[in-house]
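Single-letter residue listing:
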Amino acid sequence: MIDAGMANQRGQWWRDAVIYQVYVRSFSDGTGDGVGDLPGITRRLTQLADLGVDAIWLTPFYPSPMADGGYDVADYRDVEPQFGTLADFDDLIARAHQLGLRVIVDIVPNHTSDRHAWFQAALAAGPGSPERARYLFRDGRGPDGAQPPADWMSNFGGPAWTRVADGQWYLHLFTPEQPDLDWSHPQVRAEFEAILRFWLDREVDGFRIDVAHGLSKNLVEPLTDLGAASVDKNLRYGLDDHPLWDRDDVHEIYRDWRKILDEYSPPRIAVAEAWVAPGRLGRYVRGDELHQAFNFQFLLTPWECGAFTEVIDESLAESAEVGAATTWVLSNHDVIRHATRYALPMQVDAAQWLLSDGTQPTIDAALGLRRARAATLLMMALPGSAYVYQGEELGLFEVPDLPRELLQDPTWHRSGHHDKGRDGCRVPIPWEPDGPSLGFGPGAPWLPQPQQWSAISHARQVDDPSSTLRLYSEALRLRRQFAGDGSLRWIEKGPHVLAFQRESGLACVVNFGPDDAALPAGEVLVASGPLTGAGRLPADTAAWIV
Ligand code: GLC
């Protein structure tokens, strides 16, 4: 048996870390305005330390008009007043470090808010000015320039170009309130390097890089029309040599950033949010680039044995090729929570929650949760790092029926109310069984919580050994105990059961099939659900054995 965290002993803590994503608006409201904030997070850090995670990732908390939940940053060196102050941030970091938790912050380099001083200056200065050169302004097409420069679509629906009063157009891959920066401009590069240092000097342990695959663009005229290939709702692009996504020279930026991260002691880390074609992710985690890149292929894998064995093999091979560790993830603030996703009927239009005949699907919540718990044991047994999205440790499900007038995700409005957007996975955390916001804060929360969340609140689960919360903490405890060097050996690869063993001796078995399955000999350390009376592994269940 190998003792706690060999990777940690080598100082490369991120290689097997469990990192907990805090979606700041919805984690804990310390001030009572119904919105989560930094003091609220600080107050709850002990619960995260008790859960056994190694680090937290904070989504953007910078001053923002909130056109995209804070991913529209107006000032990269301050705290949004709704979320607190820089002093609150310093308190949070100090408390986290005291508890042995590292802190990663989100950096949003692809675009600023339209209220950012640079964009305001660009609007005021006019066409051809140095102020405009930091963004992607172009003249329109057609005799009077009234047509956008290309047919590109934005990720949240609608055109990716918006026209300003003097007739020029600017590019925004997301909302019009999020103008894209021109990363070929030296001032843009220098500014973000300074922003990294600003937060590193405030003791952050690393960065999550938003839209990491989008910074470098090819806007050499004439621009190509892309039709449907310009955008994909999940930011996945298969097209080779795409002018907007996953361009080869984006990696130069990260090589420069790596040098900055390495200047600090101990070296700081960065994780890429890069929705790229299969086989392209490893490029972001080469030795002189970033440390981690979210494995979205894993997140997108349907609940099916063959699909999981394949994605595990491919992911491990891809990261091994560049000497990196794999970074598993099942949920985040942009996707349907996996406790719901694994129970969605195949034919459902996830954007609208409708079947093709226009009716609402019935979702078997118990099935979804059973699979989600099994998936978690699978993920936590794999070599590499894992990200946990707040609330998944409580078994929270997607909330599909929020009152329409409360929806805030720009996708909802920009899709002409076709796509309900991502608010359903952003509903505030239930900490307590009672109160106006189930312990999220003193007042009503910004999105209402389903009644059933009282019974699965943190307080209700913490003392219940069969709860999802306890499953997570037990898995994390055992994971530390059975840490290993990053490899696995397959014992079984389908058709219904997958099983592998880590070099520490820990075996993980997952049953995707309809029938009970036999377990290998050994002691069952933890299981995602009760075994059968005969000690067999039921359908949609996982177990760890030594
Ligand atoms: C990333 C974020 C998402 C945001 C988008 C634009 O995909 O995770 O929430 O809307 O970038 O910044």
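Predicted model, so just to flag it, every value in this text is computed and none were measured. Numbers given for residues are sequential positions, taken from 1 along each chain in its written order. Only residues with pLDDT of 70 or above have their local features reported here, since the model is predicted, and side-chain atom pairs are shown and tallied only from 80 upward, although totals for entire chains, interfaces and linings are computed over all residues. In computing side-chain properties, one takes all heavy atoms of the structure into account and sets aside hydrogens as well as water.

**Student:** Any chance you could break down the packing of helix α2 (residues 38-51) against helix α3 (residues 86-98) for me, citing the residues and the numbers?
**Tutor:** Note on definitions: angles span 0 to 180 degrees between N-to-C directions of axes, and those axes are lines fitted to C-alpha atoms, for helices only across the stretch in contact. Under the scheme used here, helices are H or I runs from DSSP no shorter than 4 residues and strands are E runs no shorter than 2 residues, and both carry numbers assigned from the N terminus. Put simply, α2 and α3 touch, their axes get as near as 9 Å, and they point 10 degrees apart. By the angle class used here, α2 and α3 are roughly parallel. Across the interface between the two elements, Leu-38, Pro-39, Ile-41, Thr-42, Leu-45 and Thr-46 of α2 pack against Asp-88, Phe-89, Asp-91, Leu-92, Arg-95 and Ala-96 of α3. Put simply, Ala, Val, Leu, Ile, Met, Phe, Trp, Tyr, Cys and Pro go in the nonpolar bin, Asp, Glu, Lys and Arg in the charged bin, and everything else, Gly too, in the polar bin. Looking at the contact of α2 with α3 residue by residue, the classes come out as seven nonpolar, two polar and three charged. When an angle is under 35 degrees it counts as roughly parallel; over 145 it counts as roughly antiparallel; between 65 and 115 it counts as roughly perpendicular; any other value is oblique. Whether two residues touch is decided by their heavy atoms; if any such pair falls within 4.5 Å, the residues are in contact.

**Student:** Tell me what's going on with the packing of aromatic side chains, and back it up with residues and numbers.
**Tutor:** Aromatic pairing here means that ring centres of Phe, Tyr or Trp (its six-membered ring) are within 6.5 Å. Orientation follows from the plane angle: under 30 degrees is stacked, over 60 is edge-to-face, and everything else is tilted. Under the counting rule described, the total for this entry stands at 32 aromatic pairs. When the centroid spacing of 5.6 Å and the interplanar angle of 85 degrees are considered together, the rings of Phe-298 and Phe-308 count as edge-to-face. Here Phe-298 is found in helix α7 (residues 296-299), whereas its partner Phe-308 is found in helix α8 (residues 305-321), with ten residues between them in sequence. Each member of the pair, Phe-298 together with Phe-308, is buried. The rings of Tyr-76, Trp-183, Phe-192, Tyr-254, Trp-257 and Tyr-284 are connected pair by pair, giving a single aromatic cluster. If you follow Arg-25 out to its NZ or CZ, it ends over the ring of Trp-446, 4.0 Å from the centre. Relative accessibility thresholds used throughout: buried, under 20% of the residue-type maximum; exposed, over 50%; partly exposed, between the two (1.4 Å probe, protein chains only). Two conditions define a charge sitting above a ring: the NZ of Lys or the CZ of Arg must be within 6 Å of the ring centre, and it must be within 35 degrees of the ring normal.

**Student:** Give me the lowdown on the sheet that holds strand β14 (residues 507-511), citing residues and values where you can.
**Tutor:** Paired strands, as defined in this entry, are two strands with at least two bridges between them according to DSSP. The five strands are arranged β12-β13-β14-β16-β15 in an open sheet whose pairing can be described as antiparallel. A single partner strand is all that each edge strand has here, and the edge strands are β12 (488-493) and β15 (524-527). The sheet shows a mean angle of 20 degrees between the axes of neighbouring strands, direction not considered. Taken together, the five bridges between β14 and strand β16 (residues 541-545) define a ladder with antiparallel strand orientation.

**Student:** Describe in detail the nonpolar core, supporting the description with residues and values.
**Tutor:** One finds Leu-48, Leu-58, Phe-61, Phe-89, Tyr-254, Ile-312 and Trp-544 to be the most contacted residues of the largest nonpolar core, which totals 138 residues. When residues in this core are grouped by element, the largest group, seven residues, is from helix α10 (residues 365-381). Residue contacts for Leu-48: discarding those within four places in its chain leaves Tyr-20, Val-22, Phe-27, Val-53, Ile-56 and Leu-101. With 16 residues, the next largest nonpolar core counts Leu-136, Trp-152, Val-211 and Trp-245 among its residues. Residues grouped as a nonpolar core are buried Ala, Val, Leu, Ile, Met, Phe, Trp, Tyr and Cys residues, joined through side-chain atoms within 4.5 Å.

**Student:** Lay out the site of the ligand in plain terms, naming residues and giving numbers.
**Tutor:** Throughout this document, a residue counts as near a molecule or strand when at least one of its heavy atoms sits within 4 Å of that molecule or strand. Around the ligand there are 15 residues in total, and Asp-68, Asp-210, Glu-273, His-333 and Asp-334 lie nearest to it. Under the rule applied, a polar contact is a pair of N or O atoms within 3.5 Å (in protein, one hydrogen donor and one hydrogen acceptor; residues adjacent in sequence only if both atoms are side-chain atoms). The side chain of His-111 places a nitrogen or oxygen atom 3.0 Å from an oxygen atom of the ligand. One of the side-chain N or O atoms of Arg-208 is found 2.9 Å from an oxygen atom in the ligand. Surface burial for the ligand is 98%, taken as the share of its 310 Å² of free accessible area covered by protein chains. Of the residues belonging to the shell around the ligand, the class tally is five nonpolar, three polar and seven charged. Here, Shrake-Rupley sampling with a 1.4 Å probe gives the accessible areas, and only protein chains in the shown set may cover a residue.

**Student:** Any details on the sheet that holds strand β5 (residues 161-163)? Residues and values, ideally.
**Tutor:** Ordered in space as β4-β6-β5, the three strands form an open sheet in which the pairing is antiparallel. Since the sheet does not close on itself, it has two edges, and those belong to β4 (137-138) and β5, each with one partner. The sheet contact formed by β5 and strand β6 (residues 169-171) spans three bridges and is antiparallel. Paired with Thr-162 across the two strands is Tyr-170, which belongs to β6.

**Student:** Please provide a residue-by-residue account of unusual backbone geometry, values included.
**Tutor:** Cis geometry marks the peptide bond from Glu-221 to Pro-222, where omega comes out at -5 degrees. Secondary-structure assignment places Pro-222 in the loop between β7 (206-209) and α6 (250-263). The omega torsion of the bond from Ser-265 to Pro-266 falls at -5 degrees, within 30 degrees of zero and hence cis. With respect to the secondary-structure elements, Pro-266 resides in the loop between α6 and β8 (269-272). Backbone geometry at Asp-540 places phi at a positive 55 degrees, although glycine is not the residue there. You can see Asp-540 is positioned in the loop between β15 and β16. Here Asp-540 falls in the buried class, since its relative accessible area comes to 6%.

By themselves, these are just geometric observations and shouldn't be taken as functional.
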